[in-house]
Amino acid sequence: MNKSFFVAATALLLAACAGPSVTRTQPLAETADAPYGDVLVVSLFNSFDLRRFLEDEIVRQLKDRGIDAVAATSLIDVKTPLNRESVLRAVGEAESDAVLVTQLLDSSTTARFRDRRPESTYNFRPTYYFNVWSVEYTEYVEPQGLEAQHELTMATQVFSVSTKEPVWTIETQSSLRRNIDRQFSGTSIMDEAKAIVRAMARDGLLAR
């Protein structure tokens, strides 16, 4: 995971504005045993906290639709490697019939420095001469500020537990912006989760 994505992913937790755009890359397979009523949610990021935040939000969105869902981070702790074996153990423990996996596909960052608006003070003092004033002007200029825009592309796949094969895939594209005052806007974790679960419901993956 590169540094620019880590910054963008952190901003993702703080931002809340426009939702991600969703591009379906693989429709639901005709042989899929969907719909699913019990889903294990897995996020593949280096940051355990980021995994937990996204998984928990997707689980919440699924439960709001009546689906039994479990976050992998609730069964696989930070000391346990996230791999095929640990996921299969979690599937058995949760008795899931599908596994939802979200991961980063691509990220890019564009940034530029901008001058901040200077502030100034004026001091006026009279002199001994008629209608003549002494003027002191001081300008305070802060260091340049950094503006940045992060573009993220994430992939979400659903795997059937019975066949251990992927049955559905989408991509979500998000834009995160950081202005000169270090304020973030763009896509939030909640927006990502809503977009994913909404697409699952639309394409017939959910049992309710």
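Here is what the cut-offs are and how they apply
- Residue numbers here run from 1 along each chain, matching the order of that chain's written sequence.
- Given that this is a predicted model, residues contribute local features only at a pLDDT of at least 70 and side-chain atom pairs are listed and counted only at 80 or more, while totals for whole chains, interfaces and linings are drawn from all residues.
- Side-chain figures throughout are based on the complete set of non-hydrogen atoms in the structure, without hydrogens or water.
- A residue's pLDDT is simply how confident the predictor is in it, with values from 0 to 100.
- The numbering of helices and of strands both runs from the N terminus, where a helix is a DSSP run of H or I of at least 4 residues and a strand a run of E of at least 2.
- Residue contacts follow a heavy-atom distance rule, with two residues in contact if any of their heavy atoms lie within 4.5 Å.
- Among buried residues, those of type Ala, Val, Leu, Ile, Met, Phe, Trp, Tyr and Cys that are joined through side-chain atoms within 4.5 Å constitute a nonpolar core.
- Only protein chains enter the accessibility calculation, which uses a 1.4 Å probe. A residue is then buried if its area is under 20% of the maximum for its type, exposed if over 50%, and partly exposed in between.
- We treat two strands as partners when DSSP finds at least two bridges between them.
- A pair is scored as a salt bridge if a Lys or Arg side-chain nitrogen falls within 4 Å of a carboxyl oxygen belonging to Asp or Glu.
- Under the pairing criterion, centres of Phe, Tyr and Trp rings, with the six-membered ring standing for Trp, must be within 6.5 Å; the plane angle then separates stacked pairs below 30 degrees from edge-to-face pairs above 60, leaving the rest tilted.
- A ring has a charge above it when a Lys NZ or an Arg CZ is no more than 6 Å from the ring centre and no more than 35 degrees off the ring normal.
- The span expected for a helix works out to 1.5 Å for each residue beyond the first.

S.K.: In this structure, what is going on with the confidence of the model for the chain? I would like to understand it.
M.R.: Any segment with low pLDDT has predicted coordinates that should not be analysed in fine detail. Across the chain, the average pLDDT comes to 82, with 85% of residues at or above 70. When pLDDT is averaged over each element of the chain, strand β3 (residues 68-71) comes out on top at 97 and helix α1 (residues 3-14) at the bottom at 49. Segment residues 1-5: pLDDT under 50, and 13 contacts once partners within four positions in sequence are set aside and those in other chains are kept.

S.K.: Would you mind showing me how to read the nonpolar core here?
M.R.: Among soluble globular proteins, nonpolar side chains are generally buried collectively. Counting 28 residues, the largest nonpolar core has V39, I58, L62, L100, V158, W168 and M200 as the members making the most contacts within it. Listing elements by their share of this core, those giving two or more residues are β2 (38-44), α2 (48-64), β3, β4 (98-114), β7 (145-160), β8 (166-178) and α4 (189-202). Looking at this core element by element, the count peaks at six residues for α4. Ignoring sequence-local partners within four residues, the contact set of I58 consists of V41, L100, T102, A193, I196 and V197. One finds V42, I76, V99 and V101 within the second-largest nonpolar core, a separate group that totals nine residues.

S.K.: I would appreciate a short explanation of the pairing of β8 in the present structure.
M.R.: Here five bridges tie strand β1 (residues 21-26) to β8, and the two strands are oriented antiparallel to one another. Bridge pairing in β8 places V22 opposite T172. Counted along the chain from β7 to the antiparallel partner β8, the turn is five residues long, and its residue K164 has a positive phi close to 60 degrees.

S.K.: Would you mind showing me how to read unusual backbone geometry here?
M.R.: The phi torsion of most residues other than glycine is negative, and most of the peptide bonds are trans. Each neighbour pair has its own omega, and for A34 with P35 the value is 5 degrees, a cis peptide bond. Within the chain, E95 stands out as a residue other than glycine whose phi angle is a positive 55 degrees. You can see E95 is positioned in the loop between α3 (84-94) and β4. With a relative accessible area of 65%, E95 lands in the exposed category. Despite not being glycine, K164 shows a phi value in the positive range, around 60 degrees.

S.K.: Teacher, can you tell me more about the pattern of salt bridges here?
M.R.: Counted by the stated rule, this structure contains four salt bridges. Measuring nitrogen to oxygen at the nearest pair gives 3.1 Å for the salt bridge that ties R52 to D49. Taken together, the residues span about one helical turn, with R52 and D49 both in helix α2 at a distance of three residues. The class of R52 is partly exposed, set by a relative accessible area of 30%. A salt bridge links D203 to R202, with the shortest nitrogen-to-oxygen separation between them at 2.9 Å. One salt-bridge network, held together by shared partners, links E57, R60 and D64.

S.K.: Would you mind going over the side chain of T73 with me for this structure?
M.R.: Mapping T73 onto the fold places it in the loop between β3 and α3. Its relative accessible area of 11% is what places T73 among the buried residues. Setting aside chain neighbours within four positions, we find T73 in contact with F48, R51, R52, E55 and D56.

S.K.: Would you mind going over the side chain of Q61 with me for this structure?
M.R.: Of note, Q61 is situated in helix α2. Discounting residues that sit within four places of it in the chain, Q61 has contacts with M190, A193, K194 and V197.

S.K.: How should I be thinking about the packing of aromatic side chains in this particular structure?
M.R.: The description of an aromatic ring pair uses the distance of the two centres, along with the angle that the planes make with each other. Evaluation of the coordinates by the stated rule reveals zero aromatic pairs. Taking the ring centre of F53 as reference, the NZ or CZ of R52 above it sits at 5.0 Å.

S.K.: Sorry, what's going on with α4 here?
M.R.: In an α-helix, one turn spans 3.6 residues; hence positions three or four apart end up facing the same way. The end-to-end C-alpha distance of α4, which contains 14 residues, comes to 20 Å, matching closely the 20 Å that a straight helix rising 1.5 Å per residue would cover. Residues of α4 that are buried: I189, D191, E192, A193, A195, I196, V197, A199 and M200. Among the residues trailing α4, G204 stands out with phi positive, at a value near 80 degrees.

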